[in-house]
Amino acid sequence: MATIAPRVRGAAAVIAAAVLPACSTAGVPAPGLEDPAGAHDPTLIEQGGAFHVFTTGPGIQHLRSEDGRQWRRLAPALTEAPAWWAEAVPAHRGLDVWAPKVFALKGRYWLLYSISTFGKNRSAIGLASSAALDGPWQDEGMVARSVEGDDFNAIDPDLFIDAKEQGGDGRLWLSYGSFWGGIRVTAFDPETMRPSGPARFIARRKAGIEAPTMVRHGDWVYLFVSHDLCCRGTASTYNIRVGRSRSAQGPFLDQEGRDLMDGGGTLVEQGAGRWIGPGHQDVVGRWIVRHAYDGEDRGKPKLRLGELRWTGDGWPALASGER
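All of these numbers come straight from a predicted model, not from anything done at the bench. Each residue is numbered by its place in its chain's sequence as written, counting from 1. Note on the predicted model: pLDDT of at least 70 is required for a residue's local features to be given, and 80 or more for side-chain atom pairs to be given and counted; whole-chain, interface and lining totals, by contrast, use all residues. Derived side-chain values reflect all non-hydrogen atoms in the structure, with water molecules and hydrogen atoms excluded from consideration.

> Describe in detail the environment of Y109, supporting the description with residues and values.
Helix and strand definitions follow DSSP, with helices as H or I runs of at least four residues and strands as E runs of at least two, each counted in order from the N terminus. Turning to its location among the elements, Y109 is positioned in strand 10 (residues 108-115). Each residue touching Y109, except ones within four places of it in the same chain, is listed here: I45, Q47, F103, A104, A128, S129, S130, A131, A132, L133 and W137. The contact definition used throughout considers only heavy atoms, calling two residues in contact when any of these lie within 4.5 Å.

> Give a description of the sheet that holds strand 19 (residues 220-227) that names residues and reports values.
Whether two strands pair depends on DSSP finding at least two bridges between them. Here we have 4 strands laid out as an open sheet, ordered 18-19-20-21, and antiparallel in their pairing. The open sheet has two edge strands, strand 18 (209-217) and strand 21 (266-270), and neither has a second partner. Neighbour-to-neighbour, the strand axes of this sheet turn through a mean angle of 25°, independent of strand direction. Of the pairings in the sheet, the one linking strand 20 (residues 239-245) to strand 21 comprises 4 bridges and is antiparallel in character. Helix axes use the C-alpha atoms of the stretch in contact, all axes being lines fitted to C-alpha atoms, and the angles between their N-to-C directions lie in the range 0 to 180 degrees.

> Hey, could you go over the packing of aromatic side chains for me, with residue numbers and the actual values?
Any Phe, Tyr or Trp ring, taking Trp's six-membered ring, that has another such ring centre within 6.5 Å forms a pair; planes under 30 degrees apart are called stacked, those over 60 apart edge-to-face, and the others tilted. Under the counting rule described, the total for this entry stands at 8 aromatic pairs. Between F51 and W71 the ring centres are 6.4 Å apart and the planes differ by 45°, which places this aromatic pair in the tilted class. Placement of F51 in strand 5 (residues 50-55) and of W71 in strand 8 (residues 71-74) is noted, with a sequence separation of 20 residues between them. Judged on exposure class, the residue F51 and its partner W71 are both buried. Site record: aromatic cluster; members linked through ring pairs are F51, W71 and W287. In this scheme, Lys NZ or Arg CZ marks a charge over a ring once it lies within 6 Å of the ring centre and within 35 degrees of the ring normal. Its end group placed over the ring of F201, R184 keeps NZ or CZ at 5.6 Å from the ring centre. Here R204 stacks its cationic end above the ring of F201, 5.0 Å away from the centre of that ring. Exposure classes here rest on a 1.4 Å probe applied to the protein chains alone. A residue is buried below 20% of its type maximum, exposed above 50%, and partly exposed in between.

Here's what the structure looks like:
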């Protein structure tokens, strides 16, 4: 089996990379029912009354549930590596795919995803599409890349559609990043399905930041990120933070007025009790999906699905109860 490596660390953290354990896919179960499902870096879409979650893993893992509690693991999205992977990230091996983002657009389903190697920022973001969530998925090529010497890491993609019916302008934005210089955003062209225009940094933090997710709520665009370290099992320190802006290009400020470019971020969730190091979130409608490490099951990463509520002054918080 391939290895699910931790999200690639930035220049300051590469020194620590050698002592960080990888998250192994050796425990990825065969297709069938799971409760709760093993998962890492989940992304969510609802279709036909069912939840579909795609996660890091061999070929991009696919989970489905009718109630958000019991999950069935389906066939992976990808069954062979596109030819362009070998040139973009020569050290990449097998079908080890990280941090997908699923969305619907132009009558099709799309999966952004990352390929990389642990501790390096020679990375690429790819794209696949399908007429159905169960596939077959078609390679749509490389969307973005980073190489040694760049001040960013092209992994952990998110696609934000600033829908007019929600008060936005209809534009699309691609954000991505893990450690190094932080989180970047660029306009995304729905015709070419590629970035258009320059990228700019919108959040950074020396101690670790990755996994951007953008959503609109009212007049604000919210940027959710994960701080600190994943992939250490019960020693993981991952936590979810948020800031907001009038624009997808920032500046994003937290509830105390701190800029996310200066390490700010209002806490949404941190580990407590059984569930340790929650992070790599996706926010879709009222739902927030993320993984956390199970303190009652040897620190295995598992899927967590919850609901968000919004305070009177417009900040997200986890509603009580979990699916």
